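Per-entry structural report
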Amino acid sequence: MENQNKVSFEEVIGKRRSVRKFEPGKTVGNSVLENIVDCGRWAPSGANTQCFDFIVVNEKEMLGKVTKVFLKQAQRLVDYAKGFPAVKKSYLANTVAIIIVLGDPRWKVCFPQASSEKYKDEYSLNNEAIFLCSLGAAIQNIQLGVAAEGLTSAWLSGGGEDTTNSELSKLLGFPKWMKAYGTIPIGYPAETQDKRYRRPLAQCLHWNKYETKQYRSHSQIDFYESTLRPFAMYRDIEKIEHWKDFEEKVGSWGSSFTTQFSNSSGKLEKEEDFSKPRSEGRATRMRGKN
Ligand SMILES: Cc1cc2nc3c(=O)[nH]c(=O)nc-3n(C[C@H](O)[C@H](O)[C@H](O)COP(=O)(O)O)c2cc1C
């Protein structure tokens, strides 16, 4: 049957929002789910390895079991990753299907390998980047496919935690060295959400070279982590300056978030090792005391 909710590609990018509210009592046909997975199949991947597999869960009982794993995963965030503003996962009860995108790490062997010891680490890190970017492309394609079908989804990354992944692997039967990098609950949107905070285009677009006036300082990132993050993640408004409580929430950081030049001096900070988070975030630290 023709899907009446289908939207044109022009709307798809806008409609691919993480809407974590689904209408209850709905179902979706297998052919729609196949179309969506086919979007994932057409994603680019390093060396065309297609280092992903897609598990579509649409049986009620299995949906319930996967949901349970994610309710536990949400509790793990509360217990072990305090301060992260996650929403309650109870909305998963109304999903019509959940697509799990598995990454198969064996395919990394097909990416460029160092032919001398000296470059082993460099290429190994690059292999990981190619692998994860390929998975990201597949997950993104699936989310776009979902939006094109007039449905909505979220991108749950909790399957990337070893504990959660091992529970999923037991439940769904995939080898535990494959990882559920993306879990995509799908449903009919219970409300229209086609906006979300985005930086001004002029701030993230650099012409011909990196414009250091568009650099975001360490302290701007820390401010986002400590204060702005939950609102930026969940409010249905693109521009922060349109928030009713803009002044209160953003204080003296206003222009850094709303104009082209977040760093008017153009000065960069000294280089550090950013392979791990630079600092323990304030939100985490504050909750850690509880
Ligand atoms: C790699 C990655 C991991 C994410 N993990 C989660 C997650 O575990 N749970 C969730 O609700 N949203 C998750 N998201 C969704 C982001 O919070 C969301 O994309 C962001 O806040 C912007 O909102 P938008 O998708 O509506 O534009 C993830 C997104 C990405 C790209």
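Since this is a predicted model, take the numbers as computed values, not measurements. (Residues numbered from 1 in each chain as written. Predicted model: local features only at pLDDT ≥ 70, side-chain atom pairs only at ≥ 80, totals over all residues.)

**Digging into the environment of Ala137**
With respect to the helices and strands, the residue Ala137 is situated in helix H4 (residues 120-148). Contact partners of Ala137, with chain neighbours within four places excluded, come to Ala43, Pro44 and Ser45. (Helix = DSSP H or I, 4+ residues; strand = E, 2+ residues; numbered from the N terminus. Contact = placed C-beta atoms within 7 Å.)

**Observations concerning the environment of Lys15**
Along the polypeptide, Lys15 turns up in helix H1 (residues 9-15). For the pair formed by Lys15 and Leu144, sequence separation is 129 residues and the distance between their alpha carbons is 8.3 Å. Excluding anything up to four places from it in sequence, Lys15 contacts Val7, Ala147 and Asp194.

**So, helix H3 (residues 60-80)**
When the terminal C-alpha atoms of H3 are compared, their 30 Å separation across 21 residues agrees well with the 30 Å that a helix rising 1.5 Å per residue should span. Among the residues of H3, those classed as buried are Val66, Thr67, Val69, Phe70 and Gln73. The buried residues of H3 occupy an angular sector of 155° when the element is viewed end-on, so they sit on one face. Structural note: H3 exposes Lys60, Glu61, Gly64, Gln75, Val78 and Asp79 on the side pointing more than 90 degrees away from its buried face. In this structure, the buried residues of H3 make contact with strand E1 (52-57), strand E2 (97-103) and helix H5 (162-172). (Expected span 1.5 Å × (residues − 1). Buried ≥ 20, exposed ≤ 12 C-beta atoms within 10 Å, placed from the backbone. Arc of directions from axis to C-beta.)

**A few points about the sheet that holds strand E4 (residues 179-187)**
Taking strand neighbours across the sheet as the criterion, the four strands line up as E1-E2-E4-E3 in an open arrangement whose pairing is antiparallel. The sheet is open, and its two edges are formed by E1 and strand E3 (152-153), each paired on a single side. Pairing of E2 with E4 involves seven bridges; the strand directions are antiparallel. When the bridges of E4 are listed, Ile99 appears paired with Ile184. (Pairing = 2+ DSSP bridges.)

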